[in-house]
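Secondary and tertiary structure notes
Chain residues, written in single-letter form:
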Amino acid sequence: MTIQILRTPKILKEAEKHGISIIMDLVLNHSSNRNNWFIHASADAQLGKCALENAKCDWYHFTDTTKPGYTRINSNLYYESVFSSNMPDLNLDNQAVRDEIAKIVEFYLDKGVKGFRLDAVMHYYEGNIGKNVEFLSWLNQTVKSINPDAYLVGEAWTAHNAVKEYYASGMDSLFDFSLSDTSGTIVKSIRNQNGFDLASIMVSHIEDIHQMNPNG
């Protein structure tokens, strides 16, 4: 059997022939520590060049004191890396970073991608739902200004009451793992053969979502 590696536009065209829309994973909380952005930023920070016009220090979170969730570069320099030392957290308040994100989503939407699955939306601003919602609102508006029909779904590993708060961003959808996980409500209802309670919970969940976003 011959295995052919398809380039992204060809995959999208083939999918469209079969009535399939493709959305793409989009990771915005962090980059790789091998990303040129971080290589440039960490070099500037170590060499004391952050004040230069083309410096990228402010694209990430550097500090001269140790903190939980930070990785040490040298004796007096650390960077935020909540998930892993290989994943430095981006500074999403930086307009230059947002401008690059806008270019990235436009690039893939122009290729024919129909939307994005957003990774780790709770961690854009660790422990700050209001800031996370503000960023998602900006991202939703940015994406929809390019393609009003683009679909956005966010990954949020938290309880339903917290998930519903994120619908205030205008996002189309968010994963609700308290419902769908292996120990979630849907599986429990199937095991207990209790369809009525599941239906009642689903109606309540949808009503909660629509209070935040009628189109969610």
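So, here's what we can say about the structure. (Residues numbered from 1 in each chain as written. Predicted model: local features only at pLDDT ≥ 70, side-chain atom pairs only at ≥ 80, totals over all residues. Heavy atoms only, no water.)

1. A closer look at helix α2 (residues 36-46)
All of the buried residues in α2 are W37, F38, A41, S42, D44 and A45. Buried residues of α2, seen end-on, are gathered within an arc of 160 degrees and therefore sit on one face of the element. Next to the buried residues of α2 lie β2 (62-63), β3 (70-74), β4 (77-80) and α3 (95-111). The backbone nitrogen of W37 has a side-chain oxygen 2.7 Å away, supplied by the residue at the start of α2, namely N35. Among the residues trailing α2, G48 stands out with phi positive, at a value near 70 degrees. (Buried < 20%, exposed > 50% of the residue type's maximum accessible area, 1.4 Å probe, protein only. Helix = DSSP H or I, 4+ residues; strand = E, 2+ residues; numbered from the N terminus. Arc of directions from axis to C-beta. Contact = heavy atoms within 4.5 Å. Polar contact = N/O pair within 3.5 Å; in protein donor to acceptor, adjacent residues only side chain to side chain.)

2. Here we look at the nonpolar core
Residues F116, L118, Y124, F135 and L139 are the most contacted members of the largest nonpolar core, which totals 37 residues. Mapped onto this core, the elements with two or more residues apiece are α2, α3, β5 (115-118) and α4 (129-146). Counting residues per element, this core draws most heavily on α4, at six residues. Once residues within four sequence positions are removed from consideration, Y124 is found in contact with L28, N29, L92, L118, D119, N132, F135 and L136. (Core = buried A, V, L, I, M, F, W, Y, C linked by side-chain atoms within 4.5 Å.)

3. Considering a nonpolar patch on the surface
Judged by side-chain polarity, V82, F83 and M87 come together as a nonpolar surface patch covering roughly 230 Å² of accessible area. Relative to the helices and strands, M87 is located in the loop between β4 and α3. Looking at M87, the relative accessible area reads 32%, which means it is partly exposed. (Patch = residues over 30% accessible without salt bridge, like charges linked within 9 Å, V, L, I, M, F, W, Y side chains within 5 Å. Areas by Shrake-Rupley, 256 points an atom, 1.4 Å probe, with all protein chains shown as cover. Salt bridge = Lys/Arg side-chain N within 4 Å of Asp/Glu carboxyl O.)

4. Describing the pattern of salt bridges
Within the structure shown, the criterion is met by eight salt bridges. Between R117 and D25 there is a salt bridge, with its nearest N and O atoms 2.8 Å apart. Here the residue R117 occupies a position in strand β5, and D25 occupies one in strand β1 (residues 24-26), the gap between them amounting to 92 residues. Here R117 makes a salt bridge to D119, at a shortest N to O gap of 3.0 Å. Given a relative accessible area of 22%, R117 falls into the partly exposed group.

5. Things to note about the packing of aromatic side chains
A complete count under the given rule lists nine aromatic pairs for this structure. Centre to centre, the rings of F38 and Y79 are 4.8 Å apart; their planes meet at 65 degrees, and the pair counts as edge-to-face. Remark: Y79 occurs in strand β4 and F38 occurs in helix α2; sequence separation between them is 41 residues. The exposure class assigned to Y79 is buried, which follows from its relative accessible area of 6%. Centre to centre, the rings of Y124 and F135 are 4.9 Å apart; their planes meet at 70 degrees, and the pair counts as edge-to-face. Here F135 lies in helix α4 and Y124 lies in the loop between β5 and α4, a separation of 11 residues in the sequence. The residues Y124 and F135 share a single accessibility class, namely buried. Members of the aromatic cluster, connected to one another through ring pairs, are F38, Y60, F62 and Y79. In this structure, K56 is placed above the aromatic ring of W59, and the distance from its NZ or CZ to the ring centre is 4.8 Å. The ring of W138 carries R98 above its face, with NZ or CZ at 5.2 Å from the centroid. (Phe/Tyr/Trp six-rings, centres within 6.5 Å; stacked < 30°, edge-to-face > 60°. Lys NZ or Arg CZ within 6 Å of the ring centre and 35° of its normal.)

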